[in-house]
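What the coordinates show
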Amino acid sequence: MPTTLAGYREKGILRRMATTPIPPSRLLLAQLAVGVLCAVASLVTVVAGVLAFGFEPPGLVVAALATFALGVLAIFAIGMLVAAVAPSTRVATGIGVSLFFLGIAFGGVFTPAETMPEFVLRVSDYTPVGAFMQALRASWGGDWPQPLHLAVPAVYALGCGLLAARLFRWE
Amino acid sequence: MTVIEVRNLHKRYGERVAVDGVSFTVERGEVFGVLGPNGAGKTTTVECVSGLRSPDSGTVRVLGSDPAAVGSGLRQRVGMQLQESHLPDRLRVGEALDLYASCYPAPLDPRALLDEWGLADLRDRPFAKLSGGQKQRLFIALSLVGGPELVVLDELTTGLDPHARRDTWDLVERIKERGVTVVLVSHFMEEAERLCDRVMVIDGGRVVALDTPAGLTARTVPPQRIRFRTSDPFDAELLSGLHEVASVTVTGSRVEVTGAGDLLHAVTSVLAGRHVVVADLRADRPTLDDAYVALTGTRTP
């Protein structure tokens, strides 16, 4: 998403949009809607996996869905913030990729949370992907996630979303 | 009714002064031309009018409100065609109009616009596959889709071939017939002469002239011009004494005489009397182009 919007900005597509009464928030929400649709598609894949190949379903489906929604919103909000301010597609890609790797490193994709050093784990609790992964694991195991692990993505979603709408540049 | 009122507009980018005290008003239903060499401050001026930039100082009022103020609702009432504009490559013509129509509370019917601007056959054509003239027509249609009271057209025909340019002029005349006020930024004098009710010439960020195209030409350059060639070297003194003659310019074998009154008769009488043999004699009226060159001291591109 950041690359798309930064590309629009680079080519002056956003500038043309700026002459219409559309506020930046609406444009960002439209992009968010597209992103959420993609996320839902991946959710459908998981459901299909559960049904067709006998993946283990989440122990607490409501908690898993809530976690999923919050996590997706948090990640997209960060993407929107990058998209709002990145001056070019290259910068957008650079920032996006760095955040992606930082995210998965702290999120326990390379090493599971159990094997992380205590210090890294604490930092991970406050990163959106880290909190998201922990919450997802908890709900898969049949428990409600810790409040912190739900609050962190929620705060990221709200904060980055508002900041993105505020800092948005048309050109 | 006054649609645009600009008073003492100033804008600088860092060290460079782009607009330096520009003032003008545009009345409802007018086609108002903004002319000037590249970098004269034309685009900056109209961008301040359309609210895309905020002026450093001076006042801008468009349809009674300040275009730079958030929530003035002005964007619903002003259509804009930017100097450089793009749409996503794969967006189709019909989709683009629907999309932009969705941005406005009371848009015109996109289908009717497609028909009116000769875009109906191109409805399913992606933006990247359109020719320059077709893109321009689409951008004009997009600037009108919100049903604006004022449209700003910035360098509408730059980069178009002569046919497409003339077609586009017809389109601008049709916008005017709708009663929409038009601000036209251009550096084609022929275009301004044909379309504009009044023109403002900007140079170096300042207004150097503001009048009707005819008034500007009459005020700036002598009303008549005669050009011819002679085989023998020509003595400018022969003609410069005549009271009809304002100037005589001899460049090699070419002679250019400007003046007023019965200039052609006065000049040809003298030439016949002196048995000067001339070729390629042409008499014409200087155009806005000549006035523009005289005003700005630069050649039009």
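What counts and how
Residues numbered from 1 in each chain as written. Chains lettered and ligands numbered in written order. Predicted model: local features only at pLDDT ≥ 70, side-chain atom pairs only at ≥ 80, totals over all residues. Heavy atoms only, no water. Domains from an automatic or database assignment. Pairing = 2+ DSSP bridges. Helix = DSSP H or I, 4+ residues; strand = E, 2+ residues; numbered from the N terminus. Axes fitted to C-alpha atoms, helices over the stretch in contact; angles between N-to-C directions. Parallel < 35°, antiparallel > 145°, perpendicular 65-115°, else oblique. Left-handed = near helix turned anticlockwise from the far one by under 90°. Contact = heavy atoms within 4.5 Å. Nonpolar A, V, L, I, M, F, W, Y, C, P; charged D, E, K, R; others polar. Disulfide = S-S within 2.5 Å. Buried < 20%, exposed > 50% of the residue type's maximum accessible area, 1.4 Å probe, protein only. Buried area = accessible area lost by both parts, 1.4 Å probe. Salt bridge = Lys/Arg side-chain N within 4 Å of Asp/Glu carboxyl O. Polar contact = N/O pair within 3.5 Å; in protein donor to acceptor, adjacent residues only side chain to side chain. Phe/Tyr/Trp six-rings, centres within 6.5 Å; stacked < 30°, edge-to-face > 60°. Lys NZ or Arg CZ within 6 Å of the ring centre and 35° of its normal. UniProt positions renumbered as here; feature names shortened; annotations may be inferred.

In the nomenclature of an unreviewed UniProt entry, chain B is known as ABC-2 type transport system ATP-binding protein of Nonomuraea maritima.

Under an unreviewed UniProt entry, the name given to chain A is ABC-2 type transport system permease protein, and the source organism is Nonomuraea maritima.

What about the domain arrangement of chain B?
Partitioning chain B into domains gives domain 1 (2-77 + 148-218) and domain 2 (222-285). Its C-alpha centre places domain 1 of chain B at a distance of 39 Å from the equivalent point of domain 2 of chain B.

Brief notes about the sheet that holds strand β1 (residues 2-13) of chain B
Residue and element names in this part refer to chain B. Read across the open sheet, the three strands follow the order β2-β1-β4; overall the sheet is antiparallel. Bordering the open sheet on either side are β2 (16-27) and β4 (57-62), each of which pairs with just one other strand. Each adjacent strand pair in this sheet contributes to an overall mean axis angle of 15 degrees, direction not counted. In this sheet, β2 lies alongside β1 in antiparallel orientation, the contact comprising nine bridges. Within the sheet, the bridge partner assigned to Lys11 lies in β2 and is Val19.

Focus: the packing of helix α1 (residues 2-11) of chain A against helix α4 (residues 61-85) of chain A
Residues and elements named next belong to chain A. With their axes 8 Å apart at the nearest point, α1 and α4 run at an angle of 15 degrees to one another. Regarding the angle of α1 to α4, the classification is roughly parallel. Relative to α4, α1 is oriented so that their crossing is right-handed. Two secondary-structure elements touch here, α1 through Pro2, Leu5 and Arg9 and α4 through Gly79, Val82, Ala83, Ala84 and Val85. Residues belonging to the contact of α1 with α4 are distributed by class as follows: six nonpolar, one polar and one charged.

Re the state of the cysteines
All names here are of chain A. Applying the stated criterion to the full structure yields zero disulfides over all chains. No disulfide involves Cys160; its nearest neighbouring cysteine sulfur is the one of Cys38, lying 20 Å away. A relative accessible area of 12% means that Cys160 is categorised as buried.

Quick word on the sheet that holds strand β13 (residues 278-284) of chain B
All names here are of chain B. Pairing is antiparallel in the open sheet, where four strands are placed in the order β11-β12-β10-β13. Taken across any chain shown, the strands that pair with only one partner, and hence form the sheet edges, are β11 (245-251) and β13. Neighbour-to-neighbour, the strand axes of this sheet turn through a mean angle of 15 degrees, independent of strand direction. The pairing of strand β10 (residues 224-230) with β13 spans five bridges and is classified as antiparallel. Paired with Arg229 across the two strands is Ala279, which belongs to β13. Packing of helix α9 (residues 263-273) onto the sheet brings it into contact with β10, β11, β12 (254-259) and β13, and relative to β10 it is tilted by some 25 degrees.

Brief notes about the interface of chain B and chain A
Frequently, the measure chosen for interface size is the accessible area removed from exposure when the parts meet. Taken together, the contact pairs 20 residues of chain B with 13 residues of chain A. Both sides of the chain B and chain A interface together cover about 1,600 Å² of buried area, and 57% of this is carbon and sulfur. On the surface where chain B and chain A come into contact, there are two salt bridges. Between Arg15 of chain A and Glu47 of chain B there is a salt bridge whose closest N-O contact spans 2.2 Å. Where chain B meets chain A, there are four residue pairs in polar contact (both at pLDDT 80 or more). Of all the secondary-structure elements, those providing two or more residues to the side of chain B that touches chain A are β5 (78-81), α2 (93-101) and α4 (132-144) of chain B. Looking at the side of chain B that touches chain A, the element that brings in the most residues is α4 of chain B, giving three residues. For the side of chain B that touches chain A, the class distribution of residues is twelve nonpolar, four polar and four charged.

Comments concerning the packing of aromatic side chains
As enumerated under the stated definition, the model contains five aromatic pairs over all chains in all. Between Phe100 of chain A and Phe101 of chain A, the ring centres sit 5.4 Å apart and the planes meet at 75 degrees, which makes this aromatic pair edge-to-face. Measuring from centroid to centroid gives 5.8 Å for Phe127 of chain B and Phe139 of chain B, while their planes differ by 70 degrees, and the two rings are edge-to-face. Of this pair, Phe127 of chain B sits in the loop between α3 (110-116) and α4 while Phe139 of chain B is found in helix α4, placing the two residues twelve residues apart along the sequence. Directly above the ring of Phe168 of chain A sits Arg9 of chain A, whose terminal nitrogen or CZ lies 5.5 Å from the centroid. Seen from the ring of Trp117 of chain B, Arg174 of chain B lies directly overhead, with NZ or CZ sitting 5.2 Å from the centre.

Quick word on the UniProt feature "domain: ABC-2 type transporter transmembrane" (unreviewed entry) in chain A
Residues given the UniProt feature "domain: ABC-2 type transporter transmembrane" (unreviewed entry) here are residues 5-165 of chain A. Helix makes up 78% of residues 5-165 of chain A and strand makes up 0%, while its end C-alpha atoms are separated by 13 Å.

Brief notes about α1 of chain A
All of the buried residues along α1 of chain A are Pro2, Leu5, Ala6, Gly7 and Arg9 of chain A. Each element contacted by the buried residues of α1 of chain A is listed here: α2 (13-18), α3 (24-53), α4 and α5 (89-106) of chain A.

Describing the environment of Gly58 of chain B
All names here are of chain B. With respect to the secondary-structure elements, Gly58 resides in strand β4. Spatially, the C-alpha atoms of Gly58 and His243 are 46 Å apart, while their sequence positions differ by 185 residues. Once you skip the residues sitting within four places of it in the chain, Gly58 turns out to touch Arg7, Asn8 and Leu9.

Things to note about the pairing of β11 of chain B
Residue and element names in this part refer to chain B. In this structure, β11 lies alongside β12, joined through six bridges in antiparallel fashion. When the bridges of β12 are listed, Thr249 appears paired with Glu256. Here β11 folds back onto β12 in antiparallel fashion, the turn holding two residues, of which Gly252 has a positive phi close to 60 degrees.

A closer look at the packing of α4 of chain A against helix α8 (residues 147-167) of chain A
Residues and elements named next belong to chain A. Packing of α4 against α8 leaves a shortest axis separation of 7 Å and a crossing angle of 30 degrees. With respect to their mutual orientation, α4 and α8 come out roughly parallel. Taken as a pair, α4 and α8 cross one another with a handedness that is left-handed. Each of Thr67, Leu70, Gly71, Leu73, Ala74, Ala77, Ile78, Met80, Leu81, Ala84 and Val85 in α4 lies in contact with α8, whose residues at this interface are Leu150, Pro153, Ala154, Tyr156, Ala157, Cys160, Gly161, Leu163, Ala164 and Leu167. Residues that form the contact of α4 with α8 fall into these classes: 18 nonpolar, three polar and no charged.

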